[in-house]
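So you can see what is in the structure, the chains are spelled out below.
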Amino acid sequence: MHHTIRFDTSKTGGKFKILNGTNGGPWHKRHAADQYRSNFEDYKKARIPFSKNHDSGVVDIYGGPYSHDVTKIFPRFEADVNDPASYDFANTDESILVTLEAGTQTYFRLGETIEHQIKKHATLPPKDFQKWAEICEHIIMHYNEGWANGYQLNIQHWMIWCEPDLDSDNSPNKRLWGGTKAQFFDLYEITSKRLKARFPHLKIGGPGLAWDEDWAADFIAEMKKRNAPIDFFSWHIYCTTPEKAMGKAERLRACLDSCGYTETENHLTEWNYIKGWNEEFVYSLKSIHGMKGAAFEMACISAAQRSSIDVMLYYDTRPNVCCGLFDLYTYERLKGYYPFYWYGMFYDMEAEIVAENKVEDIYTLCGVSPEGKLMAVITHYTDDDYAMSKSISIDFGRPGKYEIYLLDEEHDGELYGTTRDLDFEMKRNSVILIKEI
């Protein structure tokens, strides 16, 4: 069956949203003298706007166990919160500055790296929530106000903790929040109010919801009762279809709106292809590192442009098994790099043009430049490993000449040809970039 996807170029929409953000910055050491590898230039070319620093404390490139987490920046909780000598900023400074050199602002998670080991340490609740909030205030002062030989970086997003709902209150293995739900509500209220009062121009939010939408509803309702600020609500999902992610986005948006948080931004701050965490985890990782993962990325980014999601941060671009953009050992590009690189080009578009019709398993993005030139990305994504190709035509309602770039099992985003004919036979899990010339 042949399908035609139509775009009315006379009907333009808004700007393209921030959807190619990541967790983890470029893999690059400015001070390295040997054993040198770097993905800095490729990372920079992708024009990634934000990178969340959660879990980056486990990566040597970013300073290993001496960076990012509140307990690493302020290692002795009994120390004087007002004394710069109580803080160890050096490795966190370096990672933030390297990331900024690549054009990427840090989306700062105030909290701790996940702990999978049998005994937990830093993920236990702080001994004094008020003091913890004051420590966070000084961290912001360091990066935005120059305190303690700091900087004027104007970091806008400050996320309080991450995935406090990952494990239930009675779980024997609490990996990210060792306290109860009630304790986290207290920590968030105290910290958010202090930070928002001190920095009213910054965006204070959280909590990086892991999965539990009932927990989220309780959190949102309780924060409303306590009059606590939520400038952005952050949440995570690992799934196999864009529809699952977009459905959750709309449910959380409705929950925020129903509690009066109508101005709160909707941030998906971790997402990736995961079919299962146990028997199917190896299959998931193979998919992430190959063409299926790349098509999933582009499909999710395309779908999110027309969802309630305001910001989306992929998990992740650390040197990690869940990184579909760069090879773990060589730092070279994988298939999954190109959706992020291609989406970065849409920031140059004047406006979006929405397809007038939908085709099952086909996801589209289209924009028009200030000069009136069209650019579109067409993705055929399916979780069915036996699905057939799709025969499609793209109708822009006007003649033109186009460069075609192809991303599939045999092609790594390179120029495939120049044509006026926009008829394609799209393989399962493939992506086409169309640029008018």
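Scroll up to find the structure this text is about.
In this report, the structure presented in the accompanying data block is examined. (Residues numbered from 1 in each chain as written. Predicted model: local features only at pLDDT ≥ 70, side-chain atom pairs only at ≥ 80, totals over all residues. Heavy atoms only, no water.)

**Quick word on helix 3 (residues 90-101)**
Because the α-helix completes a turn every 3.6 residues, residues three or four places apart line up on one side. The end-to-end C-alpha separation of helix 3 is 17 Å, in line with the 16 Å expected for twelve residues at 1.5 Å each. Every buried residue of helix 3 is accounted for by Thr92, Asp93, Ser95, Ile96, Leu97, Val98 and Thr99. Structurally, helix 3 contributes buried residues whose contacts are with helix 1 (40-45), strand 3 (50-52), helix 2 (70-73), strand 4 (105-110) and helix 4 (129-145). Following helix 3 by one or two positions, Gly103 adopts a phi angle in the positive range, close to 85°. (Helix = DSSP H or I, 4+ residues; strand = E, 2+ residues; numbered from the N terminus. Expected span 1.5 Å × (residues − 1). Buried < 20%, exposed > 50% of the residue type's maximum accessible area, 1.4 Å probe, protein only. Contact = heavy atoms within 4.5 Å.)

**Focus on the side chain of Glu189**
Positionally, Glu189 belongs in helix 5 (residues 181-198). Its relative accessible area of 18% is what places Glu189 among the buried residues. Within polar-contact distance, the side chain of Glu189 engages the side chain of Lys193 at 2.9 Å. (Polar contact = N/O pair within 3.5 Å; in protein donor to acceptor, adjacent residues only side chain to side chain.)

**Focus: the pairing of strand 2 (residues 18-23)**
For strand 2, the buried fraction is high: five of the six residues fall into the buried class. One ladder, built from three bridges, connects strand 2 with strand 9 (residues 311-314); its direction is parallel. Bridge pairing in strand 9 places Thr22 opposite Tyr314. As paired strands, strand 2 and strand 3 are joined by two bridges and run parallel to one another. Opposite Asn23, over in strand 3, you have Lys52 as the bridge partner. (Pairing = 2+ DSSP bridges.)

**Quick word on the packing of aromatic side chains**
This model, assessed by the stated rule, comprises 40 aromatic pairs. With centroids separated by 5.9 Å and ring planes inclined at 45°, the aromatic side chains of Phe184 and Trp215 adopt a geometry described as tilted. Here the residue Phe184 occupies a position in helix 5, and Trp215 occupies one in helix 6 (residues 213-225), the gap between them amounting to 31 residues. What makes Trp215 buried here is its relative accessible area of 7%. Ring centres of Trp215 and Phe219 lie 5.7 Å apart, and the angle between their planes is 15°; this geometry places the pair in the stacked category. With Trp215 and Phe219 both in helix 6 and four residues apart, the pair spans about one turn of that helix. The same class applies to Trp215 and to Phe219, which are both buried. For Lys131, the ring lying beneath its charged end belongs to Phe77, and the centroid distance is 5.3 Å. (Phe/Tyr/Trp six-rings, centres within 6.5 Å; stacked < 30°, edge-to-face > 60°. Lys NZ or Arg CZ within 6 Å of the ring centre and 35° of its normal.)

**Regarding the pairing of strand 6 (residues 203-209)**
Within strand 6, six of the seven residues are buried, leaving the element largely enclosed by the surrounding structure. As judged from the three bridges shared by strand 5 (residues 157-160) and strand 6, these two strands associate in the parallel manner. Across the sheet, Trp158 pairs through a bridge with Ile204, a residue of strand 6. As a crossover connection, the stretch from strand 5 through helix 5 into strand 6 is right-handed. Of the pairings in the sheet, the one linking strand 6 to strand 7 (residues 232-239) comprises four bridges and is parallel in character. For Gly205, the partnering residue across the bridge sits in strand 7 and is Phe232. For the crossover that starts at strand 6, traverses helix 6 and ends in the parallel strand 7, the hand is right-handed. (Right-handed = clockwise from strand over helix to strand, strands pointing away.)

**Quick look at the sheet that holds strand 6**
Pairing within the closed barrel is parallel, and its eight strands lie in the order 2-3-4-5-6-7-8-9. Going from strand to strand, the sheet's axes swing by 30° on average, the running direction of each strand aside. Bridging between strand 8 (residues 265-273) and strand 9 involves two bridges; their strand directions are parallel. The residue of strand 9 that forms the bridge with His267 is Val311. (Axes fitted to C-alpha atoms, helices over the stretch in contact; angles between N-to-C directions.)

**Focus: the environment of Gly21**
Relative to the assigned elements, Gly21 resides in strand 2. Considering only alpha carbons, one finds Gly21 and Thr317, 296 residues apart in sequence, at a separation of 9.7 Å. Leave out the neighbours within four places in its chain, and Gly21 touches Ile48, Pro49, Phe50, Met312, Leu313, Tyr314 and Phe340.

**What about helix 6?**
Here helix 6 is 13 residues long and its end C-alpha atoms lie 18 Å apart, about the 18 Å a rise of 1.5 Å per residue gives. Buried within helix 6 we find Trp215, Ala216, Phe219, Ile220 and Met223. For helix 6, the buried positions fall inside an angular range of 130° around the axis, keeping them on one side. Turned more than 90 degrees off the buried face of helix 6, the exposed positions are Asp214 and Lys225. For helix 6, the N-terminal capping position is held by Asp212, with its side-chain oxygen 3.0 Å away from the main-chain nitrogen of Asp214. (Arc of directions from axis to C-beta.)

Structural measurements only, silent on function.
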